[in-house]
Amino acid sequence: MLYFRLNANYLAAAFVALYFLSRFFFKPSINTVKTHNAPSSSTIYKGTTWWSDRTVAVRTVAETSFARCDIHTVVSEDGQKVFNDWIFLEEVNAVNIVVQTAEGKFVVFKQYKYAVPGETFSPVGGFVDDGEHPWTSAKREVLEELGLGSSATLERVNTNFGNRDDRFRNDPKRMRNVVIDIIQHDAIQPTFDEFDIPEGHIPTSDDPDWVFLGRYRTAVNRGGGFTYLYLLKNAVPLLPNGGSELYAGTGDDEQQSIMHLSVHEVFDFLSQAKFQEVKWTATFALSLLHINN
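This write-up is about the structure you can find in this document. Just so it is clear, the structure is predicted and the values come from calculations on it, not from any experiment.

About the thresholds
- Residue numbering note: each chain is counted from 1, following its sequence as written.
- In keeping with the predicted nature of the model, local features appear solely for residues at pLDDT of at least 70, side-chain atom pairs appear and are counted solely at 80 or more, and the whole-chain, interface and lining totals rest on all residues.
- Side-chain figures throughout are based on the complete set of non-hydrogen atoms in the structure, without hydrogens or water.
- Per the convention used, a helix needs a DSSP run of H or I reaching at least four residues, while a strand needs a run of E reaching at least two, with both numbered from the N terminus.
- Burial status follows relative accessibility: with a 1.4 Å probe on protein chains alone, a residue under 20% of its type maximum counts as buried, one over 50% as exposed, and anything between as partly exposed.
- We call two residues contacting when some pair of their heavy atoms lies within 4.5 Å.
- A 1.4 Å probe and the Shrake-Rupley method give the accessible areas. Residues count as covered only by the protein chains that appear here.
- Residues belong to a common nonpolar core when they are buried Ala, Val, Leu, Ile, Met, Phe, Trp, Tyr or Cys residues joined through side-chain atoms within 4.5 Å.
- Each Phe, Tyr or Trp ring, with Trp reduced to its six-membered ring, pairs with another whose centre is within 6.5 Å; inter-plane angles below 30 degrees give stacked pairs, above 60 give edge-to-face pairs, and intermediate values give tilted ones.
- Over a ring means this: the NZ of a Lys or the CZ of an Arg is within 6 Å of the ring centre and within 35 degrees of the ring normal.
- When DSSP finds at least two bridges between two strands, those strands are taken to pair.
- One less than the number of residues in a helix, times 1.5 Å, gives the span that helix is expected to have.
- Directions are taken from the helix axis to each C-beta atom, and the arc is the one they span.
- Salt bridges, as used here, are contacts in which a Lys or Arg side-chain nitrogen is within 4 Å of a carboxyl oxygen on Asp or Glu.

1. What to know about the overall build of the protein
Consideration 1: Looking only at helices and strands, one finds 7 helices and 13 strands in the protein.
Consideration 2: Going through the 293 residues of the protein one by one, you find that 39% of them count as buried.
Consideration 3: Pairs at least 24 apart in sequence give 58% of the contacts found in the protein among residues at least 6 apart.
Consideration 4: When the accessible surface of the protein is totalled, it reaches about 17,000 Å², and 56% of it is carbon and sulfur.

Here it is, written out as C-alpha cells:
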C-alpha cells in the first residue's frame, strides 16, 4: 500500500512537471502564427475576418450580415501569455463624408440614433459594398442620401444625357439609376496595402473636389471595421431637389432632416459635442482642418 501511494505521488508530480514544461517549450509563438486579413467563412457576415501576427484562433458568438461578435485567442506581445477571451467586433468597412455645397454650406443630417440619447447631427455615411472602392462607396452614398455630387460627375451626366427631355430629368428614380450607372462605370478597382487592407486614396487627376481624409480603425483593440473619411467640396445637385429639404433620400429607415450649416456653425457644433459619434466628429474636424489649410 505504501509503495502504491509513493508511486501515485511520483506520478502526479511527473504530470505537473510535464504540464509546466509543455507550457514553457510549446507555448504559441508570434513567429508561428499566420498573418492575414482573411475572407470570412461565414455565409451570413459579409465582411472579412481579422487575423494579426498574434491571433491563434477565432470563434464566432453571434453575427448578422453587417456585423459579427467573435472571441479571439491572442498571444501577448512578449509571447509569454495567451488570452482566450479577447472579444472582437467585426463590422463591414464604412465611409463618412462631409459635404460642402458650392455656396459654402455644410449639408448635415439632424436625426435620432439607437445608441445616442436625444437628437444628434451627422454627415453622410454608409457601408462599403463587397468589391467596391471606398471612394465609389462615398460617391454612391452622397447621391443616395442627398442627391448631390461633384461638378465632374454632373458634367458626365450632361455629356451622356444632355439631350434627354425634362420629363426624364425631373424623374428622381430614373435619374438616380442613370447617375448610379455613371458612378459604377467610372469606378476604380480596389487597391490593398501591405497588410491586405483596402486603401481609400483618390487618383489626383480624377476629381479635384473630392478629398480623402484617411482610413481609421474604429476601435484599435476591439475592431469595429475600418472607416474611410472623405470631404466633397463644391457639391452640386445631380437629382431633382438634391441637397434640399424636399429631397427624399434612400437607404436609411430612420427619420432625418437636412440642415445647412456655415463654417462657424460647424465649429460651434464641434465645440459643443453635437456630433455625438467620434467618427462623425473626426470627419468634420478633419474637413475643417483641410479647408482652413
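Now that the structure has been shown, we can carry on.
2. Side note on the nonpolar core
Consideration 1: Ile97, Val99, Val142, Leu146, Trp210 and Tyr230 are the most contacted members of the largest nonpolar core, which has 22 residues in total.
Consideration 2: Elements represented by at least two residues in this core include exactly strand S6 (94-101), strand S7 (106-112), helix H2 (134-146), strand S11 (210-219) and strand S12 (223-237).
Consideration 3: Those residues within four positions of leucine 146 in sequence are excluded, and the remaining contacts are Val99, Val107, Phe109, Val124, Glu141, Gly242, Gly243, Tyr247 and Ile258.
Consideration 4: In this structure, Val98, Phe106, Leu261 and Trp280 belong to the second largest nonpolar core, which totals 15 residues.

3. Here we look at the packing of aromatic side chains
Consideration 1: One pass over the full model with this rule turns up 8 aromatic pairs.
Consideration 2: Geometrically, the ring pair formed by phenylalanine 212 and tyrosine 230 is tilted, given 5.1 Å between the ring centres and 45 degrees between the ring planes. With phenylalanine 212 in strand S11 and tyrosine 230 in strand S12, this residue pair connects regions lying 18 residues apart in the sequence.
Consideration 3: Owing to a relative accessible area of 0%, tyrosine 230 belongs among the buried residues under this scheme.
Consideration 4: Among the aromatic residues, those joined into a cluster by ring pairs are Phe121, Phe269, Phe275 and Phe284.
Consideration 5: Residue placement shows lysine 139 over the ring face of tryptophan 135; its charged tip is 4.1 Å from the ring centre.

4. A look at the pairing of strand S5 (residues 82-91)
Consideration 1: Note that strand S4 (residues 67-75) and S5 share 8 bridges and pair antiparallel. Paired with histidine 72 across the strands is tryptophan 86, a residue of S5.
Consideration 2: Between S4 and S5, which pair antiparallel and follow one another directly, the connecting turn spans 6 residues, one of which, glycine 79, has a positive phi of 75 degrees.

5. Considering helix H7 (residues 278-292)
Consideration 1: Helix length check: H7 (15 residues) gives 21 Å between terminal C-alpha atoms against 21 Å at 1.5 Å per residue, within 8%.
Consideration 2: Every buried residue belonging to H7 is among Trp280, Thr283, Phe284, Ser287 and Leu288, and all of these are buried. Taken down its axis, H7 places every buried residue within 125 degrees of arc, on the same side. Residues Val278, Leu289 and Asn292 are exposed on H7 and point more than 90 degrees away from its buried face.

6. Focus: the pairing of S4
Consideration 1: With 7 of 9 residues buried, S4 is to be regarded as a mostly interior element.
Consideration 2: Taken together, the 7 bridges between strand S3 (residues 55-63) and S4 define a ladder with antiparallel strand orientation. Looking across to S4, one finds that threonine 60 is bridged to aspartate 70.
Consideration 3: Hairpin connection, S3 to S4: the antiparallel pair is bridged by 3 residues.

7. Thoughts on the pattern of salt bridges
Consideration 1: Taken as a whole and judged by the stated rule, the model has 9 salt bridges.
Consideration 2: Salt-bridge contacts for lysine 110 lead to glutamate 119; the nearest nitrogen and oxygen are separated by 3.5 Å.
Consideration 3: Since its relative accessible area comes to 33%, glutamate 119 is described here as partly exposed.
Consideration 4: With a closest N to O distance of 3.8 Å, glutamate 277 and lysine 279 form a salt bridge.
Consideration 5: Linked by salt bridges that have partners in common, Asp129, Glu132, Arg140, Glu141 and Glu144 make up one network.

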